[in-house]
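Here is what each chain is made of, one letter per residue.
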Amino acid sequence: MHATTLETPTAPTTVLAADTMKAIVQDRYGSSEVLELRNVDKPAIGDHDVLVRVCAAAVNPGDSAIMSGLPYIARPAALYGLRRPKNPIRGTDVAGHVEAVGAGVTRFRPGDEVFGWCRGAFAEYASASEYGLALKPSNISFEQAAALPMAGSVALQALRDHGKVQAGQRILINGASGGIGTFAVQIAKSLGADVTGVCSTPNVDLVRSIGADHVIDYAHEDFTRQGEHYDFILDNAANTPLSSLRRVLTPAGMLVPNGGGFANRWFASAGRLMSAMVSFRFVSQRLGRFLVAKKHEDLTILKDLVEAGELTPVIGRTYPLDETPQAMDYVATGHARGKVVISV
Ligand SMILES: NC(=O)c1ccc[n+]([C@@H]2O[C@H](COP(=O)([O-])OP(=O)(O)OC[C@H]3O[C@@H](n4cnc5c(N)ncnc54)[C@H](OP(=O)(O)O)[C@@H]3O)[C@@H](O)[C@H]2O)c1
């Protein structure tokens, strides 16, 4: 950020104070047209916060949800706001340099390269709790590091905490080529599982290249009609009837119903989840419904997996900050390939 020097006392000029930054801001709910590139104040930080100079930020389907204010039922919740988002800047996943730290911060100092969870990543600077950050893996780019927090944590928590996936188990990832899917395939392989990935024709080679033992192209085959059974299914697509998913689970198998769009603008996928909760009460199979937990410890585990060569973030597309609306539109198609990242 450069401050413009006045040549003469009367020259028209725009002086950018050192405490302002460029950010993608929204003042109302809506489609990506509500997003504007503007100069705003840099975020203030509290005693246990870190100010991050953003190098890269990842886009998640949740960013589109909050941008649109969907589902309506969520608006009274903490992250939303009745008429407009409480925080006008979207983006939760960040990678960058520590610019400043609060008085109580012990884990980081200015200059450190970090990644993790923040408030408002689609900007030149973002504030984050020190507990939501970790040192960036040394062997990947800032763009790849920014891809990790949300999608990597969902994949890790689904497989490790809910599925308790063991070596030799048969795992199916529906939606294996997107943000969460590309992490889930690799993490399941690192746990020793036999992994089947389901994706569209153009992504078959990608899913095989990240380690899937079997790849099912959903345009040509239906994984629920092949006579195979799985110990764990992570469903990122929510396009298959629950009864069909139960049919291909082993008797003690688990379904994590992770996906769901906003066709129902009031309740999103809540209806499907309620049906799942009811139907799984009467069978031996298990349901692993969950919301991602933002844990420092899991960022550290993801970093270790990356540095051990067992996990490599897949970046499908990178956009500059001023093209964040286009990046949001692409993710909203539901067919993103790997992660979509904003390079700042
Ligand atoms: N539980 C949580 O706390 C939590 C947190 C974050 C996100 N989520 C949810 O998790 C879901 C996935 O997120 P994401 O970041 O991975 O999204 P994403 O990057 O947009 O990926 C979506 C994936 O779905 C696949 N897909 C679309 N139609 C399909 C079909 N008919 N059959 C099989 N796969 C299909 C796409 O593959 P193709 O392009 O090959 O079709 C793509 O790989 C979203 O619904 C998101 O809201 C949950």
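Scroll up to find the structure.
Residues numbered from 1 in each chain as written. Predicted model: local features only at pLDDT ≥ 70, side-chain atom pairs only at ≥ 80, totals over all residues. Heavy atoms only, no water.

A. Just the sheet that holds strand 8 (residues 170–174), in detail. The parallel open sheet is built from 6 strands, whose spatial order is 10-9-8-11-12-13. Looking at strand neighbours, the two that pair on one side only are strand 10 (214–217) and strand 13 (286–287), the edges of this open sheet. Relative to strand 9 (residues 194–199), strand 8 is paired through 5 bridges, and the arrangement is parallel. Residue pairing in the sheet places N174 in a bridge with V198 of strand 9. (Pairing = 2+ DSSP bridges. Helix = DSSP H or I, 4+ residues; strand = E, 2+ residues; numbered from the N terminus.)

B. Broad picture of helix 3 (residues 149–162). Compared with an ideal rise of 1.5 Å per residue, which puts 14 residues at 20 Å, helix 3 spans 18 Å between its outermost C-alpha atoms and is within 8% of the ideal. Judged by how many residues are buried, helix 3 sits mostly within the fold: 11 of 14 residues are covered. One or two positions beyond helix 3, positive phi appears at K164, with a value near 45 degrees. (Expected span 1.5 Å × (residues − 1). Buried < 20%, exposed > 50% of the residue type's maximum accessible area, 1.4 Å probe, protein only.)

C. Summary view of the site of the ligand. By nearness alone, 25 residues border the ligand, and G178, S200, Y218, N239 and V292 come closest of all. Here an oxygen atom of the ligand sits 2.9 Å away from a polar atom, N or O, in the main chain of I180. A distance of 2.8 Å separates a nitrogen atom of the ligand from a polar atom in the side chain of N258. Contact with the protein chains covers 86% of the free accessible surface of the ligand, which is 930 Å². Taken domain by domain, the shell around the ligand gets at least three of its residues from each of domain 1 (20–148 + 313–343) and domain 2 (151–287). (Near = heavy atom within 4 Å. Polar contact = N/O pair within 3.5 Å; in protein donor to acceptor, adjacent residues only side chain to side chain. Areas by Shrake-Rupley, 256 points an atom, 1.4 Å probe, with all protein chains shown as cover. Domains from an automatic or database assignment.)

D. Up close: helix 7 (residues 270–279). Taken as a whole, helix 7 has its buried residues at L273, A276 and S279. Down the axis of helix 7, the smallest arc covering the buried residues is 135 degrees, so these residues share one side. Turned more than 90 degrees from where helix 7 packs its buried face, M274 and V278 sit exposed. The inward-facing, buried residues of helix 7 abut helix 6 (242–247), strand 12 (249–257) and strand 13. (Arc of directions from axis to C-beta. Contact = heavy atoms within 4.5 Å.)

E. Broad picture of the side chain of T196. Structurally, T196 can be placed in strand 9. Its relative accessible area of 2% is what places T196 among the buried residues. Every residue in contact with T196, bar those within four places of it in the chain, is listed here: I171, L172, I173, H214, I216 and Y230.

F. Molecular detail of unusual backbone geometry. Following L70, the chain continues to P71 via a peptide bond in cis, the omega torsion being -10 degrees. Among the secondary structure elements, P71 is positioned in the loop between helix 1 (61–68) and strand 4 (93–101). In this structure, K164 is a non-glycine residue whose phi angle is positive, near 45 degrees. Along the chain, the position of K164 falls in the loop between helix 3 and strand 8. Assessed through its relative accessible area of 54%, K164 is described here as exposed. Even without being glycine, A238 reaches a positive phi, approximately 55 degrees. Position of A238 relative to the elements: it lies in the loop between strand 11 (230–235) and helix 6.

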